[in-house]
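# Chains, contacts and geometry: an overview
Single-letter residue listing:
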Amino acid sequence: MNFHILTLFPEMVLNGLNTSIIGRAVNAGRLSIDAVNIRDYAFNKHQSVDDYPYGGGAGMLMQAEPVYLAYEAVAEKIRARSGEQTKPRVVYLSPQGSVFNQNMARELALEEDLILLCGHYEGIDERVLEEIVTDYVSIGDYVLTGGELPAMVMVDAISRMVPGVLHNDVSAEFESFQDNLLEYPQYSRPEEWHGKKVPPVLLSGHHANIEKWRREQSILRTRERRPDLLEKCELTEKEKQWLQDLEQETEK
Ligand code: ADE
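Keep in mind it's a predicted model, so treat the numbers as computed, not measured.

Here the largest pocket is characterised by a volume of approximately 460 Å³. Counting residues per element, the lining of the largest pocket draws most heavily on strand S5 (residues 89–99), at five residues. Of the residues contributing to the lining of the largest pocket, the split by class is 13 nonpolar, 10 polar and two charged.

So, in structure tokens, the structure goes:
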């Protein structure tokens, strides 16, 4: 998968993404991350890319033309490589977008190319957004100073859904948010630490019991920490009954 990040701060994005699992996947050729400096497409001699908003108001806006030229350069590269004329998917990072989640990460990981547009200052001239943006995405209900950190968050979450990026593809599937359930607690050596013992079932070697225990722990943890998710997950009739029994017990 190829990420193309349009930004005024390419080094911030590249430095943040060249380590650990994502860096390794890039070196292995499973991903490419290209950061395009919008300032390289400034059309005046001062290389400025921002100007005052019409109608007044605080701050400066990124102008339409440099953003459009940076986009066109990337789109042309994609067209040349793929031989297709289809418009690439362009995500604009903004608190006004749909809130990013695991389902979006999974869906976007199916794209071969993804353009991420990072705004700065007070935003970007609306006209270029209308022309190039296909998806508006927020990473949460708070306001950041720019789209770079959100773009990095998205690249990380999407990349780990791309086949071959994680050593063990199974771990991408069986993790927090699969099924809308949180992950069960995990333990490694030693068997006892600070007086706390590893739950005996995990040492039993009985795989069916271990699976059952993990599933129950996932359900309990989701109920405790993210009850909003529990409403969306698919429990068996038996599990629903088990939860009801538990609730009645705690009421007693
Ligand atoms: N830009 C500024 N704040 C943002 C947020 N919460 N999500 C995505 N992009 C942003």
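To continue, consider the packing of aromatic side chains. The tally for this structure, following the rule as stated, stands at two aromatic pairs. For the ring pair Tyr-68 and Tyr-71, a centre distance of 6.1 Å and an interplane angle of 40 degrees mean the geometry is tilted. You can see Tyr-68 and its partner Tyr-71 sitting in helix H3 (residues 64–82), three residues apart, about one turn around the helix. When its relative accessible area of 27% is taken as the criterion, Tyr-68 is described as partly exposed. Among the residues examined, Tyr-71 registers a relative accessible area of 3% and is labelled buried. Measuring from centroid to centroid gives 6.1 Å for Tyr-92 and Tyr-136, while their planes differ by 85 degrees, and the two rings are edge-to-face. On the criterion of sequence distance, the pair formed by Tyr-92 in strand S5 and Tyr-136 in strand S7 (residues 135–138) is long-range, its members being 44 residues apart.

A separate point is the domain arrangement of the chain. If you check the domain split of the chain, you get domain 1 (2–166) and domain 2 (174–251). Each of domain 1 and domain 2 has a C-alpha centre, and the two are 38 Å apart.

Formed by 29 residues in total, the largest nonpolar core has its most connected members in Phe-3, Ile-5, Phe-100, Leu-116, Met-154 and Ile-158. Those elements giving two or more residues to this core turn out to be strand S1 (2–7), helix H1 (10–17), helix H2 (20–27), S5, helix H4 (102–108), strand S6 (113–117) and helix H6 (148–159). Once residues lying within four places of it in the same chain are set aside, the contact partners of Leu-116 are Phe-3, His-4, Ile-5, Leu-6, Val-91, Leu-93, Ala-151, Met-154 and Val-155. Counting 22 residues, the second-largest nonpolar core is a separate cluster that includes Leu-8, Ala-42, Val-74 and Val-133.

The rules behind these values
- Residues numbered from 1 in each chain as written.
- Predicted model: local features only at pLDDT ≥ 70, side-chain atom pairs only at ≥ 80, totals over all residues.
- Heavy atoms only, no water.
- 1 Å grid on protein atoms, 1.4 Å probe; cavity = no way out; pocket = protein on both sides within 12 Å on 5 of 7 lines; lining within 4 Å.
- Points joined across faces, edges and corners; volume = space filled by probe spheres on them.
- Helix = DSSP H or I, 4+ residues; strand = E, 2+ residues; numbered from the N terminus.
- Nonpolar A, V, L, I, M, F, W, Y, C, P; charged D, E, K, R; others polar.
- Phe/Tyr/Trp six-rings, centres within 6.5 Å; stacked < 30°, edge-to-face > 60°.
- Buried < 20%, exposed > 50% of the residue type's maximum accessible area, 1.4 Å probe, protein only.
- Domains from an automatic or database assignment.
- Core = buried A, V, L, I, M, F, W, Y, C linked by side-chain atoms within 4.5 Å.
- Contact = heavy atoms within 4.5 Å.

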